[in-house]
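Structural features, examined
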Amino acid sequence: MKPSAQGSWASAVSGASAVSVASSGASGATRVPAQPGAVDVDREQREPGRDGGERRDGGDGRARGAGEPGGAVRGEHTHGEPPAPRPRVLVQRSSVRGQVLDALRDALMAGELRPGEVYSAPALGERFGVSATPVREAMQQLAVEGAVEVVPNRGFRVVRRGDRELAELAEVRALLEAPVWLRLARTVPAERWARLRPLAEATVRAASSGCPATYAEADRAFHGAVLSLAGNEQLVGVAGDLHRRAQWPRAGTPAGRGRADLIADAHEHTALLDALIAGDQDVVRALVGEHFGAAP
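Keep in mind it's a predicted model, so treat the numbers as computed, not measured.

**A few points about the side chain of H223**
Here H223 lies in helix α8 (residues 212-228). Within the structure, the side chain of H223 is placed 3.3 Å from the side chain of H269, a separation counted as a polar contact. Setting aside anything within four residues of it in sequence, one finds H223 in contact with R173, E177, W181, H243, H269, H291 and F292.

**So, the packing of α8 against helix α9 (residues 233-247)**
In contact at an axis separation of 10 Å, α8 and α9 are set at 155° when each is read in the N-to-C sense. Taken together, α8 and α9 sit at an angle that is classed as roughly antiparallel. In the packing of α8 onto α9, the handedness of the crossing is right-handed. In this structure, α8 contributes A216, D219, R220, H223, G224, L227 and S228 to the contact, and α9 contributes L235, V236, A239, G240, H243, R244 and Q247. Tallied by class, the residues present in the contact of α8 with α9 amount to five nonpolar, six polar and three charged.

**A closer look at the packing of aromatic side chains**
Per the stated rule, a full pass over the model turns up two aromatic pairs. With a centroid separation of 5.9 Å and 75° between ring planes, the pair formed by W181 and F292 is classed as edge-to-face. One end of the pair, W181, is in helix α5 (residues 163-187); the other, F292, is in the segment after α11 (281-291), with 111 residues separating them in the sequence. Overall, the relative accessible area of 7% leaves F292 in the buried class. Every member of this aromatic cluster is reached through a ring pair, and the members are W181, F222 and F292.

**Some details on the environment of Q141**
Relative to the helices and strands, Q141 resides in helix α4 (residues 132-144). Q141 sits in the partly exposed class, given a relative accessible area of 29%. Between the C-alpha atom of Q141 and that of R97, which follows or precedes it by 44 residues, the distance is 9.9 Å. Ignoring anything within four residues of it in the chain, the contact list for Q141 reads L101 and R105.

**What to know about empty space enclosed by the protein**
The tally for this structure, following the rule as stated, stands at three cavities of 30 Å³ or more. Its volume calculated, the largest cavity comes out at about 80 Å³. L108, L113, P115, G146, A147, V158, V159, R161, W248 and P249 together form the lining of the largest cavity. Here the residues of the lining of the largest cavity sort into eight nonpolar, one polar and one charged.

**Quick notes on the pattern of salt bridges**
Evaluation of the coordinates by the stated rule reveals 10 salt bridges. Ionic pairing is found between R157 and E149, a salt bridge with its closest N-O pair at 3.3 Å. A relative accessible area of 37% means that E149 is categorised as partly exposed.

**Comments concerning the sheet that holds strand β5 (residues 155-158)**
One open sheet holds the three strands; their spatial order is β3-β5-β4, and the pairing between them is antiparallel. A single partner strand is all that each edge strand has here, and the edge strands are β3 (118-119) and β4 (148-151). With two bridges connecting them, β3 and β5 associate as antiparallel partners. Residue V118 lies in a different strand from β5, and its bridge partner there is R157.

What counts, and where the lines are drawn
- The residue numbers shown here count from 1 along each chain, following its written sequence.
- Residues qualify for local features only when their pLDDT is at least 70, as the model is predicted, and side-chain atom pairs are given and counted only at 80 or more; totals for whole chains, interfaces and linings, by contrast, use all residues.
- The basis for every side-chain value is the complete set of non-hydrogen atoms in the structure, without hydrogens or water.
- Numbering of helices and strands starts at the N terminus; helices are DSSP runs of H or I of at least 4 residues and strands are runs of E of at least 2.
- Polar contact is the term for a pair of N or O atoms within 3.5 Å; when the atoms are in protein, one must be able to donate a hydrogen and the other to accept it, and sequence-neighboring residues count only if both atoms are side-chain atoms.
- Any two residues whose heavy atoms approach within 4.5 Å at even a single point are treated as in contact.
- Only the stretch in contact is used when fitting a helix axis, every axis being a line fitted to C-alpha atoms; angles between N-to-C directions are given from 0 to 180 degrees.
- Orientation categories follow fixed angle ranges, with anything under 35 degrees roughly parallel, anything over 145 roughly antiparallel, 65 to 115 roughly perpendicular, and all other angles oblique.
- Crossing handedness is read from the near helix: turned anticlockwise from the far helix by less than a right angle, it gives a left-handed crossing, and turned clockwise, a right-handed one.
- Each residue gets one of three labels, nonpolar for Ala, Val, Leu, Ile, Met, Phe, Trp, Tyr, Cys and Pro, charged for Asp, Glu, Lys and Arg, and polar for the others, Gly among them.
- Any two of the Phe, Tyr and Trp rings considered here, Trp counted by its six-membered ring, make a pair once their centres fall within 6.5 Å; the pair's planes then place it as stacked at under 30 degrees, edge-to-face at over 60, or tilted in between.
- Buried, partly exposed and exposed residues are distinguished by accessible area as a fraction of the type maximum, computed with a 1.4 Å probe on protein chains only: under 20%, between the cut-offs, and over 50%, respectively.
- The distinction between a cavity and a pocket rests on a 1 Å grid over the protein atoms alone: a 1.4 Å probe fits inside a cavity but cannot get out, while a pocket stays open yet meets protein on both sides within 12 Å along at least five of seven lines, and a residue with an atom within 4 Å of a point counts as lining.
- Grid points are joined across faces, edges and corners, and a volume is the space filled by probe spheres set on the points.
- The rule for a salt bridge is simple: a side-chain nitrogen of Lys or Arg has to be within 4 Å of a carboxyl oxygen of Asp or Glu.
- Strands are labelled as partners when DSSP assigns at least two bridges between them.

What follows is the structure in C-alpha cells.
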C-alpha cells in the first residue's frame with residue numbers, strides 16, 4: 001500500500017537511465033528505468049544456419065529497430081527516435097517482466113492506475129521504454145492475481161473492489177491463517193519466534209514510511225515467514241495469494257489505508273511476536289483475533 005494517488009512509483013535497475021512515466025489521472029511522475037535491450041529480446045536476431053532462420057540485423061551486426069527496413073515489428077512505434085546502441089548483454093525477458101510487474105503493482109497500490117480505467121500494453125510499454133510483450137505478460141499475471149481483467153482488443157481494466165469483496169477475503173484469510181497461528185503458538189519454541197523479530201520490525205519501519213506498497217510487501221513477508229513454520233508450502237502459497245488480493249485498494253480509496261492505520265497494523269505484529277516468544281496463549285489468542293478481524 002502507498003500514501004496517495006499523488007505519489008510516484010519506481011522500479012530500480014542498476015546502470016540504466018530512467019524514463020519519466022506519468023500515469024493517467026495522477027499528478028506525480030514515475031521514474032522507471034529504460035531498457036534499451038528489451039525490444040531486442042522480443043525479436044531475437046537469427047544467425048545463419050540456426051533454426052533455419054536468417055539474420056535480422058541487416059547484415060551489419062546492428063539489430064534493426066521498429067520502423068527500420070527489415071526490422072519493423074508489428075504494433076511497435078518508434079516516433080523517429082535514433083536506434084539504441086546494441087547492448088553487450090541482452091536483458092532477459094523474465095528480468096524485464098519482473099521489473100514491469102513490480103512497477104505496476106506499486107502503481108496499483110498507490111492508486112496511480114485507477115479502478116475502472118483501461119490501460120493498453122503498447123501504451124504502457126512505450127512509457128516504460130520496453131516493448132508491449134513484457135507489459136502484457138506482467139498484466140496477465142496481475143489478472144491471475146485479480147487486480148485487473150482482460151478487455152479484448154483494448155487492454156486491461158483495473159478491477160473495482162468493494163467493501164463486500166474485501167470483507168470476504170479478510171474472512172477467508174482469518175479462517176485459513178488464524179488456526180495455524182494458534183497451533184504454531186503451542187508448538188514452536190521461543191527461539192524460533194525470536195528469529196522473526198527483524199521481519200516484524202521491518203513492517204513497523206515500512207508503515208512509518210507511509211508507503212502502502214512498501215508496507216504491503218513487508219506485511220506479506222512477515223506473515224509468510226510465520227506460516228512457513230508450519231512446513232506446508234501449499235499453505236504458504238495459497239495464503240500469500242489471498243493476502244495479496246486483500247491488499248489491493250478498494251474503489252473510492254485509491255491510496256488504501258493511511259499511515260496511522262499501517263502503523264497500528266504493524267505494531268500488532270510486534271505485540272503478537274512478544275506474546276508468542278513469552279508463550280502467553282491467552283494473549284496470543286486475543287491478538288490473533290484482533291489482527292485478523294474475527295475471533296478464531
